[in-house]
Amino acid sequence: MAPAQVAGATAGAGGGGSSAAAAPPPGPGKGSGPRRSVMGTRPWVAAVFLLPALVLLGALVAYPIVYTIKRSLYDADGSAFIGLKNFGTVFSDHGILTAVRNNVVWVVVAPTVATALGLVFAVLTEKVRWGTVFKLIVFMPMAISMLAAGIIFRLVYEQDPSQGVANAVVVAVHDTFTDNAAYPGARPRPNSDLAPSAGGSFTSKSAAAAGTPADLPLVGIPQNKVPAGAQDARPASPQPGVVTGTVWLDFRPGGTGKPGVIDPGEKALSGVKVQAVKDGKVVASAKSGKDGTYKLPAAAVGAQLRLPASNFSGKYEGINWLGPSLVTPSIIASYIWMWAGFAMVLIAAGLAGVPRELMEQARVDGANEWQVFRRITVPLLAPVLVVVTVTLMINVLKIFDLVYIIAPSSSQQNANVLALQLYLSSFGGGDDQGVGSAIGVILLLLVLPVMIFNIRRLRREGRR
Amino acid sequence: MLRLTARTRTTRIALAVVSASALALTAAACGGGGSDDGDKKSSAPTTASSASGGGDALQLPDLHGQKLEVAAVWTGPEQKNFQKVLDEFDKRTGAKTTFVPTGDSQSTFLGTKIQGGAPPDVAFLAQNGVLHQFADKGWLKPLGPEAQAQLSKNFSTGWQQLGAWKGKQYGVYAKVSNKSMIWYNTAAFSNAGATEPKTWADFLKTAETVFESGTPPVSVGGADGWTLTDWFENIYLSQAGPAKYDQLAAHKIKWTDPSVKDALTTLGQLFGNKDLLAGGPKGALGTDFPKSVVQTFTGNPPAAAMVYEADFVSAFISANTKAKVGTDAKEFPFPAVGTGKAPVVSGGDVGVALKDGPGAQALLTFIASTDAAKIWAQGGGYLSPNKSLDLAAYPDDVQRNIAKSLIAAGDDFRFDMSDQAPAAFGGTKGEGEWKDLQDFLVKPSDVAGAQAKLEADAAKAYGS
């Protein structure tokens, strides 16, 4: 804080000094009285009025910028001058490069989509009776802090479908169209005749013979997942000319059962699909019955038995929203949820100022609604759209909170952005504020062109 | 009302003094005179009483009107338990202490506070490496004579040395943990007919047996990187031996060393088998530590039969599940890997003073005392290296046995490796070892890749 005050003090002193110098006593040589500016005020009066603003700007904007630039040239302790080495670190660290890449994605995608959505909402709500209510709802997320929004979306994207809304929807839709396996997660007892084969199925090593039952032991099914009313498993009776056998849960509580033997009390597994495979082709197939027995026709004799993967395929777990590949798009979506309302309100305000006659004219001339939108509304709104996009771009370059909160630690690096990396480098364990300042300077350089563009556009507008 | 409180307080102090004087006659005179006097002479009575075999001879200064801030990583039941110790301290000294949770990125939290000029008075550092970092920066205040006296009286040299750096004693390891144990659900074990394994091979076999019973065997809290580093450290200490362990902890050998490869391959035998991990690797990555414990001890069948973590798991079990430690939940020592001995990895939180003044020192003195350890121990989920503490203070046999084995191990233990490393490598969310092992959990087949990443991050953080 002390240096800031010093800076402020010098700024103030400088202001005072210059005013003193600029307001010399009425010089006899000039003979035109006290010098006055165009506005007719004395320069020192102007300086006095400007002083508070200058002090504040100097202390809160100019000084931090200058200090950050200076700090970026020093090492982690801030004691040794190391030139541009920190910038070298920034551009060689793969984590920071991910951040740069993600920032590019953010700047390109987020403002565009948010503005486009805002435009659509604004134009459509104009024509709806309940437009105001709709606008209010879309704008509502803006009233929530980034932190709260981050926590909301952390929950929305939760992997467990019973907790995360996004996955609850995905799983519900998925399960409507596909059947669930009878015994998810189960598999044959290891060291039995069945060995894992392609695609999660299990195939017997020996060929099935008629007359000797081929029993298929399964394990890994919780006792309470066995359907209620399941019968005790029964050895299949050998029948001439056909292949028979039993599918059962080869496990008794307490581990008291003998592996591979149908012990009394072990449950039959009904509804398990058993296929007979000859030379890679399915020649026959059957389902196990209530008592676990199955019967395959004569064609199955000499074939290998296979339990297809559909018996065991695990439950569909939904999309891994916050996994390494999807985390950035997921967070961008939450950002758009927040800021589309902002874009909508600004664009709607712009739309109110657009002359209606032009649209009416176009409609009278036979243009359809799309043509009106495309050829009249959008061009007339262009200045507003640019303002909104540019504002959002500046906002997005600085994005920090959403990423910090939503990304779980395991994919934080995949979701990294410059502002987050700035924080992590400066305070997150590495404690290298030199590198942190360097990232700050880079962020400043990235924002500058957008700012300059914005200022120039404003000036142009002011001149008009 | 106010007077009454004041009077009760004086009575209490008087009572404490009387009971102290009964044991140590010399203390009576100065204790009755007032706390200021007592403070000056306290070192003499303390030594006198310790010679007479311990007892309540703790002298704390009068701190009425003083506010103390204590920061530590604890939350939930651990925090509640510690609050009892703070309450007792407030009662004895009249100070007003507040607890501030630091969150997982502790060095960041404290670093920012210290640099901002508002450090807490006392902080408990979860990472030994952070103690070194902070001491080097001159942020820590060495222990005063009273705290030092309690420390030398109650703690073995091994624990004292861990709290020292470059010849100065900075900290008190008041709360430690035995990180070499696996907790299991007794119902799930008896249902599967499984028994406590002694070796890693047995452990895998047990897990297999449990899987066959239909209960997912092992719960891993992969969303918290530190649980993964603890898995690795136990395997490494047992497999590669203590000598290599110390070398790797100091980064004298590289992470690309063949011993690391062996340890990761061993760990991959568990992480790579989706049948053995509750929820598979992806599920494990989405499970944080509290959930990993809770899901092991709720439901029938539970979501997992075994969970690995330190003794403080018992506090989580008692607070968040209906299971009873000792009957429903039991533990067995981490199995020995290969030909090595069963590992004893321990961790701990070291109390350090960040501010000068009698308050911080008095609190550390109290923390180092047997009185504080006793209150702390009664809540469960707490382990003290304080050798003067009567084992009867622990609430159950499980906890008592863990404490007994820890005290019996004397100085024959190894401190958590990731906690000895610089924070950027071993103690920051989403970075360094935490992140690299999370990646390994998802892709356990890529041992070489994990090693390369670990080495790159380690080299950066150790600066070598």
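The preceding data block contains the structure.
Below you will find a few notes about this structure. Quantities reported herein were computed from a predicted structural model and do not represent experimental measurements.

### Some details on the overall build of chain B
Working step 1: The secondary structure content of chain B amounts to 24 helices and 12 strands.
Working step 2: In chain B, which comprises 464 residues, the proportion classed as buried is 57%.
Working step 3: The long-range fraction of contacts in chain B, counting pairs at least 24 apart against all pairs at least 6 apart in sequence, stands at 73%.

### Comments concerning the overall build of chain A
Working step 1: When its secondary structure is counted, chain A shows 14 helices and 9 strands.
Working step 2: In terms of overall dimensions, chain A is more spread out than a globule: its C-alpha atoms have a radius of gyration of 36 Å, far above the 23 Å expected for 464 residues.
Working step 3: In terms of its C-alpha atoms, chain A occupies a principal-axis envelope of roughly 135 × 75 × 40 Å.
Working step 4: In chain A, which comprises 464 residues, the share counted as buried stands at 33%.
Working step 5: The contacts of chain A with a sequence gap of at least 6 include a subset with a gap of at least 24, amounting to 70%.

### Quick word on the nonpolar core
Working step 1: Core analysis: the biggest nonpolar cluster contains 136 residues, and Val-122, Ala-123, Val-172, Val-218, Val-352, Leu-363 and Leu-364 of chain B have the highest contact counts within it.
Working step 2: Summarising the domain contributions, this core has at least three residues from each of domain 2 (67-178 + 346-414) and domain 3 (181-343 + 421-462) of chain B.
Working step 3: The contacts of Leu-363 of chain B, once residues within four sequence positions are left out, are Leu-68, Phe-89 and Val-122 of chain B.
Working step 4: Counting residues in hydrophobic clusters, the runner-up holds 52 residues, among them Tyr-335, Phe-342, Leu-381 and Ala-415 of chain A.

### Concerning the sheet that holds strand E2 (residues 194-196) of chain A
All names here are of chain A.
Working step 1: On the basis of which strands lie adjacent, the open sheet formed by 5 strands has the order E2-E3-E9-E6-E7 and antiparallel pairing. Each edge of the sheet is formed by a strand with only one pairing partner; in this case those strands are E2 and strand E7 (281-287). Adjacent strand axes in the sheet meet at a mean angle of 30°, parallel and antiparallel pairs treated alike.
Working step 2: Taken together, the 3 bridges between E2 and strand E3 (residues 202-207) define a ladder with antiparallel strand orientation. The residue of E3 that forms the bridge with Ala-195 is Thr-203.

Calculation notes
- Residues numbered from 1 in each chain as written.
- Chains lettered and ligands numbered in written order.
- Predicted model: local features only at pLDDT ≥ 70, side-chain atom pairs only at ≥ 80, totals over all residues.
- Helix = DSSP H or I, 4+ residues; strand = E, 2+ residues; numbered from the N terminus.
- Buried ≥ 20, exposed ≤ 12 C-beta atoms within 10 Å, placed from the backbone.
- Contact = placed C-beta atoms within 7 Å.
- Rg over C-alpha atoms; globule rule 2.2 N^0.38 Å.
- Core = buried A, V, L, I, M, F, W, Y, C linked by C-beta atoms within 7 Å.
- Domains from an automatic or database assignment.
- Pairing = 2+ DSSP bridges.
- Axes fitted to C-alpha atoms, helices over the stretch in contact; angles between N-to-C directions.

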